[in-house]
Amino acid sequence: MRKYEADRLDRVALYFLLGAALMNLIVFPFHHNFLIFRIPADLYTHFPALIHPFREYFPRSRNVNKLTRGIENSASTYNLPKTGQLLCFVETSEKYYKDRVPSVAATWLSRCDNGRFFSKTPLPDPKMPFTTVYRNLEDSYYDLFRKTLLGFYYSYTYISKDFDWYLKADDDNYFAMDHLKEYLDTLDATEPLFLGYRMKPFLEGGYNSGGSGYILSNAAVRLFVEHLYHDEQLCPYDWAEDRGMARCLASMGILPADTRDSNGLHRFVPFRPNEMREVPAGYHYYPLRNGSLISEKFVSLHRISPRKMIFLDSILYPQSGKRLFTPEFFDLL
């Protein structure tokens, strides 16, 4: 078959699939899960500009066998504990390998019982510890939902089922690990708990902001793995990763918990402290009070620059001493 004939057949097949999608949207405008056809993943590669607007309606594959073929773990991950209170994974991107990643590695991540980075490509320095590489996911904001789903699934199924809590973070999060572990000691990981900063819009029960990071108990992750990961009706695609994760868990009756301290102040903080009052009132599930909004026993902060992260950690943990994986260290390479 000549090349132009093959190209014409490709275009005909694409137009047919898009026509079928349009018919489904007309017939089932509020029920996207009733779509009869799924666009093959290969079409995302060949027609990215055309397919991108339809991603919400044609989610990419969650097939574990396909996705785990591309997973690589750094040698240092095999020496990490397989049981304990807390497993942490930090989602990152290649563009942050020289600043955010070393700052996280130099501060709070090593205080998790098992802490690692999840990314698409290997980290630049082989001495950088604890990396899991997802080669079959995109290094893109638009693949965060699938990366997060796979992150929890992989952590529980392939790393260990024996942690009490599983934490998902971004590379500009800072976690005060002493505060977090003290707080987790007051909770029961055998209950399906979903911890974070509870936002109000979109879902009746609210959702935990991805900005502050969020945590699932062992019981919640088990229900997610066994009942939700593979079920695209109970757990449909959502371009907003945090809202989508909350929708999935809500379908099993798991709603965001109230994580405020005894004074009603927030442990998880998705904004810079000076931004908290600028967020519209309708976005806060719990009314913000006058005065301080952040608990003295805060667990997480968001939008912390690499150098501020190092500085904050040096105040909270002065005994840490020299930090190998700081941005300054990488400037010397």
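Relevant structure appears above.
These numbers come from a predicted model, not from an experiment.

Taken as a whole, this structure holds 18 aromatic pairs when the rule is applied. Considering the side-chain rings of phenylalanine 194 and tyrosine 214, the 5.6 Å spacing of their centres and the 90° angle between planes classify their relative orientation as edge-to-face. Here phenylalanine 194 is found in strand S7 (residues 194–195), whereas its partner tyrosine 214 is found in strand S10 (residues 214–217), with 20 residues between them in sequence. A single burial state applies to phenylalanine 194 and to tyrosine 214, both of which are buried. Ring-pair connections join several aromatic residues into one group, and the members of that group are Phe89, Phe118, Tyr134, Phe152, Tyr153, Tyr154, Tyr158, Phe194, Tyr214, Phe224 and Tyr229. Between the NZ or CZ atom of arginine 100 and the centre of the ring of tyrosine 96, over which it lies, the distance is 3.8 Å.

Our focus in this paragraph is the nonpolar core. Membership of the largest hydrophobic core comes to 76 residues, with the highest contact counts inside it found for Trp108 and Phe224. Broken down by element, the residue count for this core peaks at 8 residues, all from helix H6 (residues 144–159).

In this section: H6. At tyrosine 153, H6 shows its maximal bend, which comes to roughly 25°. Counting buried positions along H6 gives 14 out of 16 residues, so the element sits mostly inside the fold.

Read across the open sheet, the 7 strands follow the order S1-S4-S3-S2-S5-S10-S7; overall the sheet is mixed. The open sheet has two free edges, formed respectively by strand S1 (71–73) and S7, since each of these has just one partner strand. Where S7 meets S10, 2 bridges bridge the pair, whose relative direction is antiparallel. When the sheet's bridge partners are listed, leucine 195 is paired in S10 with isoleucine 215. Along the sheet face, H6 touches S1, strand S2 (83–91), strand S3 (114–119), strand S4 (131–134), strand S5 (162–170) and S10 and points at about 155° away from the line of S2.

Disulfides are covalent bonds that connect the sulfur atoms of two cysteines. Scanning the entire structure with this criterion turns up 2 disulfides. Shown here is the disulfide that connects cysteine 88 with cysteine 112, its sulfur atoms set 2.1 Å apart. Taking the torsion about the S-S bond as the criterion, the cysteine 88 to cysteine 112 disulfide, at about -95°, is left-handed. Here cysteine 88, found in strand S2, pairs with cysteine 112, found in the loop between helix H5 (100–106) and S3; they are 24 residues apart in sequence, far enough to count as distant. Given a relative accessible area of 0%, cysteine 88 falls into the buried group. With relative accessibility at 6%, the residue cysteine 112 sits in the buried group. One disulfide bridge connects cysteine 235 with cysteine 248, the sulfur atoms lying 2.0 Å from each other. In this structure the cystine formed by cysteine 235 and cysteine 248 twists about its S-S bond by roughly 80°; its chirality is therefore right-handed. One end of the pair, cysteine 235, is in the loop between helix H8 (218–228) and helix H9 (241–250); the other, cysteine 248, is in helix H9, with 13 residues separating them in the sequence. Taken individually, cysteine 235 and cysteine 248 each receive the classification buried, so the pair is uniform in this respect. Disulfides within the protein chain link the bonded cysteines, taken in sequence order, as 1-2, 3-4.

Glancing now at the environment of alanine 75. If you trace the backbone, alanine 75 turns up in the loop between S1 and S2. For alanine 75, a relative accessible area of 62% corresponds to the exposed category. Note: C-alpha distance between alanine 75 and threonine 132 (57 residues apart in sequence) is 9.9 Å.

Reading guide: rules and limits
Residues numbered from 1 in each chain as written. Predicted model: local features only at pLDDT ≥ 70, side-chain atom pairs only at ≥ 80, totals over all residues. Heavy atoms only, no water. Phe/Tyr/Trp six-rings, centres within 6.5 Å; stacked < 30°, edge-to-face > 60°. Helix = DSSP H or I, 4+ residues; strand = E, 2+ residues; numbered from the N terminus. Buried < 20%, exposed > 50% of the residue type's maximum accessible area, 1.4 Å probe, protein only. Lys NZ or Arg CZ within 6 Å of the ring centre and 35° of its normal. Core = buried A, V, L, I, M, F, W, Y, C linked by side-chain atoms within 4.5 Å. Bend = angle between axes of the 7 residues up to and from the residue. Pairing = 2+ DSSP bridges. Contact = heavy atoms within 4.5 Å. Axes fitted to C-alpha atoms, helices over the stretch in contact; angles between N-to-C directions. Disulfide = S-S within 2.5 Å.

Purely spatial values, then, with no claim about function.
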